[in-house]
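# Results of the structural survey
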Amino acid sequence: MISLRGVSVVIPAVRRGDADRVLLRDITLDLAERRIALVGANGSGKSTLLRLLNGLRLPTAGTVSVDGHDTVKEPRAVRSRVGFVFTDPLAQLLMSTPIEDVELSLRSRIRGQRERTRRAQELLDERGLGHLAHQSIYDLSGGERQLVALTSVLAVEPAILVADEPTTLLDLRNRRALRRTFAALDQQLIYSTHDLDVAADADRVLVLHEGRVIADAEPAAALAAYEEVLV
Ligand SMILES: Nc1ncnc2c1ncn2[C@@H]1O[C@H](COP(=O)(O)OP(=O)(O)OP(=O)(O)O)[C@@H](O)[C@H]1O
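The name given to the protein chain in an unreviewed UniProt entry is Cobalt ABC transporter ATP-binding protein, with Tessaracoccus lapidicaptus as the source organism.

Structure representation (structure tokens):
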């Protein structure tokens with residue numbers, strides 16, 4: 001389980017006389033449900049909160065732990081448990097083709113090159129991406145890249161998947177496919193979204209507003225609170 005205790009993220013002022021920038025304020029949460037969604041206006045702190053969960057960002061105050069492993073003191077233990085999918089897949093795809101990228105993910109799990117290639121192709125096939133295996137990453141559509149990035153992250157079977165606005169680049173068909181994939185995942189899933197239907201798929205929805213959690217409930221109640229804040 002991921003636990004946050006009294007977590008704040010503050011960016012010190014660059015110029016003398018300016019105020020420090022508080023991105024998250026004093027957040028305490030235990031994230032135990034299987035599907036947890038984060039919603040909130042642009043700039044409310046969703047990405048900042050998600051990045052804390054696998055140690056991509058460290059808290060200025062308070063602690064974040066994953067199954068008891070502190071993100072500051074034990075970053076490797078944390079990263080091996082928590083996979084992260086970025087909004088922009090180019091931020092995370094390291095190789096020039098999908099098959100190479102998935103193979104890279106599998107490197108620590110499968111030693112033989114031939115077996116690794118076979119498994120990478122199998123994983124891409126399972127997501128309907130097999131025909132794109134050898135195409136340049138730069139010649140894929142944004143949505144295809146997003147799905148390749150997800151395949152690479154899931155290849156190592158992290159216990160928890162964190163996804164920052166995973167449906168943003170997807171068309172209707174791929175969004176439906178992704179929602180089905182998410183529904184069938186064994187992993188715990190924590191994601192941010194601006195799509196209220198996708199948020200409603202969760203067991204629990206957190207509403208962020210100006211760096212605070214202002215509602216934390218099942219989808220209907222949380223989304224009603226969110227609409228109130230937006231109005
Ligand atoms: N390193 C940084 N220095 C200064 N400000 C930052 C830094 N990182 C993020 N911010 C600011 O913190 C606020 C929260 O950013 P964050 O990316 O967490 O928002 P978000 O809720 O994910 O927004 P969106 O829905 O637009 O993706 C924004 O106003 C952003 O400009």
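Still more to cover.
Further remarks concern the overall build of the protein chain. From N to C terminus, the protein chain includes eight helices and ten strands. For 231 residues, the compact-globule estimate of 2.2 N^0.38 gives 17 Å, and the C-alpha radius of gyration of the protein chain, at 18 Å, lies within 12% of that figure. Taken along the three principal axes of its C-alpha coordinates, the protein chain extends 55 × 40 × 35 Å. Counting all 231 residues of the protein chain, 39% fall into the buried class. Within the protein chain, counting contacts between residues at least 6 apart in sequence, those at least 24 apart form 61% of the total.

Another point: the UniProt feature "domain: ABC transporter" (unreviewed entry) in the protein chain. Per the UniProt entry, the sites bearing "domain: ABC transporter" (unreviewed entry) are residues 4–231 in this numbering. When the span residues 4–231 is considered, its composition is 36% helix and 26% strand, and the gap between its end C-alpha atoms is 29 Å.

As a packed pair, helix H3 (residues 98–106) and helix H5 (residues 142–155) sit with axes 8 Å apart at the nearest point and diverge in direction by 20°. As the angle between them shows, H3 and H5 are arranged roughly parallel. Taken as a pair, H3 and H5 cross one another with a handedness that is right-handed. Facing Pro98, Asp101, Val102, Ser105 and Leu106 of H3, the residues of H5 in contact are Val148, Thr151, Ser152 and Ala155. Tallied by class, residues from the contact of H3 with H5 come to five nonpolar, three polar and one charged.

Attention now goes to unusual backbone geometry. Of note in this structure, aspartate 26 is not a glycine but carries a positive phi near 45°. On the secondary structure map, aspartate 26 appears in strand E2 (residues 21–31). For glutamate 210, which is not a glycine, the phi torsion comes out positive at approximately 50°.

Taken together, Ile11, Arg21, Leu23, Gly40, Asn42, Gly43, Ser44, Gly45, Lys46, Ser47 and Thr48 form the complete shell of residues around the ligand. The biggest single contributor to the shell around the ligand is helix H1 (residues 46–52), with three residues. Grouping the amino acids of the shell around the ligand by side-chain chemistry returns two nonpolar, seven polar and two charged.

A few words on the sheet that holds strand E1 (residues 2–11). Strand pairs in the sheet, formed through backbone hydrogen bonds, run parallel or antiparallel to each other. Read from one edge of the open sheet, four strands run E2-E1-E4-E5, paired in antiparallel fashion. Edge positions in the open sheet fall to E2 and strand E5 (69–70), since each of these has one partner strand only. The sheet contact formed by strand E4 (residues 61–66) and E5 spans two bridges and is antiparallel. Its bridge partner being in E5, valine 66 is matched across the sheet by histidine 69.

We now examine helix H4 (residues 113–126). In this model, H4 (14 residues) spans 20 Å end to end at C-alpha, consistent with the 20 Å of a helix rising 1.5 Å per residue. Within H4 the residues assigned to the buried category are Arg116, Ala120, Leu123 and Leu124. Along H4, the residues classed as buried sweep out an arc of 100° about the axis, all on the same side. H4 presents Arg114, Glu115, Glu122, Asp125 and Glu126 as exposed residues on the side facing more than 90 degrees away from its buried surface. The secondary structure elements touched by the buried residues of H4 are H3 and H5. Among the residues trailing H4, glycine 128 stands out with phi positive, at a value near 70°.

The packing of two helices is summarised by the inter-axis angle and the distance between the axes. Relative to each other, H3 and H4 sit at 115°, their axes nearing to 9 Å. Read as a crossing pair, H3 and H4 show a hand that is right-handed. Contact with H3, carried on its side by Pro98, Ile99, Val102, Glu103 and Leu106, involves Arg116, Thr117, Arg119, Ala120, Gln121, Leu123 and Leu124 of H4 and no other residues of that element. Here the residues of the contact of H3 with H4 are counted per class, giving seven nonpolar, two polar and three charged.

The rules behind each value
Residues numbered from 1 in each chain as written. Predicted model: local features only at pLDDT ≥ 70, side-chain atom pairs only at ≥ 80, totals over all residues. Helix = DSSP H or I, 4+ residues; strand = E, 2+ residues; numbered from the N terminus. Rg over C-alpha atoms; globule rule 2.2 N^0.38 Å. Buried ≥ 20, exposed ≤ 12 C-beta atoms within 10 Å, placed from the backbone. Contact = placed C-beta atoms within 7 Å. UniProt positions renumbered as here; feature names shortened; annotations may be inferred. Axes fitted to C-alpha atoms, helices over the stretch in contact; angles between N-to-C directions. Parallel < 35°, antiparallel > 145°, perpendicular 65-115°, else oblique. Left-handed = near helix turned anticlockwise from the far one by under 90°. Nonpolar A, V, L, I, M, F, W, Y, C, P; charged D, E, K, R; others polar. Near = placed C-beta within 6 Å. Pairing = 2+ DSSP bridges. Expected span 1.5 Å × (residues − 1). Arc of directions from axis to C-beta.

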